[in-house]
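# Secondary and tertiary structure notes
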Amino acid sequence: MPTPHHPPAAVQRVLRKLGADIHDARRRRRLPMAVVAERAFTSRSTLQRVEAGDANVSIGIYAAVLQALGLLDGLGEIADISRDSIGQALASAELPKRVRLKRAPGPTDHG
């Protein structure tokens, strides 16, 4: 059963993949953990938890580590409206079927 300390399996899976990808990105850049941790203003042990996909590490720390690796732009794309097909479909379903112009009251001719 998911709890704050044990998120759903799908969340754990995604975070483990994110952590592994961060680990690989750091190694491809040939950056030691100490350097990335310093650039992300965090500790080496917290960086280890990020690379392990720990769900108890704040998203802010994940973002700082991604920035230290030059990968922060990808985070900003995650919930972007252009990628939210469900949200777009729901918004489209709410559109009115017809649109009518409101008639402006015209000048009255009493003369």
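The rules behind these values
Residues numbered from 1 in each chain as written. Predicted model: local features only at pLDDT ≥ 70, side-chain atom pairs only at ≥ 80, totals over all residues. Heavy atoms only, no water. Helix = DSSP H or I, 4+ residues; strand = E, 2+ residues; numbered from the N terminus. Rg over C-alpha atoms; globule rule 2.2 N^0.38 Å. Contact = heavy atoms within 4.5 Å. Areas by Shrake-Rupley, 256 points an atom, 1.4 Å probe, with all protein chains shown as cover. Lys, Arg positive; Asp, Glu negative; His and termini not counted. Charge placed at Lys NZ, Arg CZ, Asp CG, Glu CD. Buried < 20%, exposed > 50% of the residue type's maximum accessible area, 1.4 Å probe, protein only. Arc of directions from axis to C-beta. Salt bridge = Lys/Arg side-chain N within 4 Å of Asp/Glu carboxyl O. Axes fitted to C-alpha atoms, helices over the stretch in contact; angles between N-to-C directions. Parallel < 35°, antiparallel > 145°, perpendicular 65-115°, else oblique. Left-handed = near helix turned anticlockwise from the far one by under 90°. Nonpolar A, V, L, I, M, F, W, Y, C, P; charged D, E, K, R; others polar.

## Thoughts on the overall build of the chain
- Across its full length, the chain holds 6 helices and 0 strands.
- Traced from its N-terminal end to its C-terminal end, the chain shows the element sequence α-α-α-α-α-α.
- By the compact-globule yardstick of 13 Å for 111 residues, the chain is too spread out, its C-alpha radius of gyration being 24 Å.
- If you line up the chain on its principal axes, its C-alpha atoms span 90 × 35 × 25 Å.
- Residue pairs in contact within the chain that sit at least 24 positions apart in sequence constitute 49% of those at least 6 positions apart.
- Here the chain has roughly 8900 Å² of accessible surface; of this, 58% comes from carbon and sulfur atoms.
- Measuring between centres, the 17 positive side-chain charges of the chain sit 4 Å from its 11 negative side-chain charges.

## What to know about helix H3 (residues 44-51)
- Every buried residue of H3 is listed here: Thr46, Leu47, Val50 and Glu51. Viewed end-on, H3 has its buried residues packed into an arc of 140°, placing them on one side of the element.
- Buried residues in H3 make contact with helix H1 (9-28), helix H2 (33-39) and helix H4 (59-68).
- Taken from the residues just after H3, Gly53 is the one with a positive phi, measuring 80°.

## Focus on the pattern of salt bridges
- A complete count under the given rule lists 4 salt bridges for this structure.
- Two residues, Asp21 and Lys17, come together in a salt bridge whose shortest N-O distance is 2.6 Å. Remark: Lys17 and Asp21 occur in helix H1; sequence separation between them is 4 residues, near one turn of the helix.
- Residue Asp21 is classed as partly exposed on the basis of its relative accessible area of 35%.
- Overall, the relative accessible area of 52% leaves Lys17 in the exposed class.

## With respect to H4
- Taken together, the buried positions of H4 are occupied by Tyr62, Ala63, Val65, Leu66 and Ala68.
- As for H4, its buried residues are in contact with H1, H2, H3 and helix H5 (72-76).
- Gly70 lies just past H4 and shows a positive phi near 75°.

## Points about the environment of Val36
- Within the fold, Val36 resides in helix H2.
- When the C-alpha positions of Val36 and Leu66 are compared, they lie 9.4 Å apart, and in sequence the two are 30 residues distant.
- Setting aside chain neighbours within four positions, we find Val36 in contact with Arg26, Leu31, Leu47, Val65, Ala68 and Leu69.

## What about the packing of H1 against H4?
- At their nearest, the axes of H1 and H4 sit 11 Å apart, and the two run at 30° to each other. As far as their axial angle goes, H4 and H1 are roughly parallel. Here H1 and H4 pass one another in a crossing that is left-handed. Along its contact with H1, which presents Leu15, Leu18 and Ile22, the element H4 presents Tyr62, Val65 and Leu66.
- Of the residues in the contact of H1 with H4, the class split is 6 nonpolar, no polar and no charged.

Limitation: the analysis is restricted to geometry and does not speak to function.
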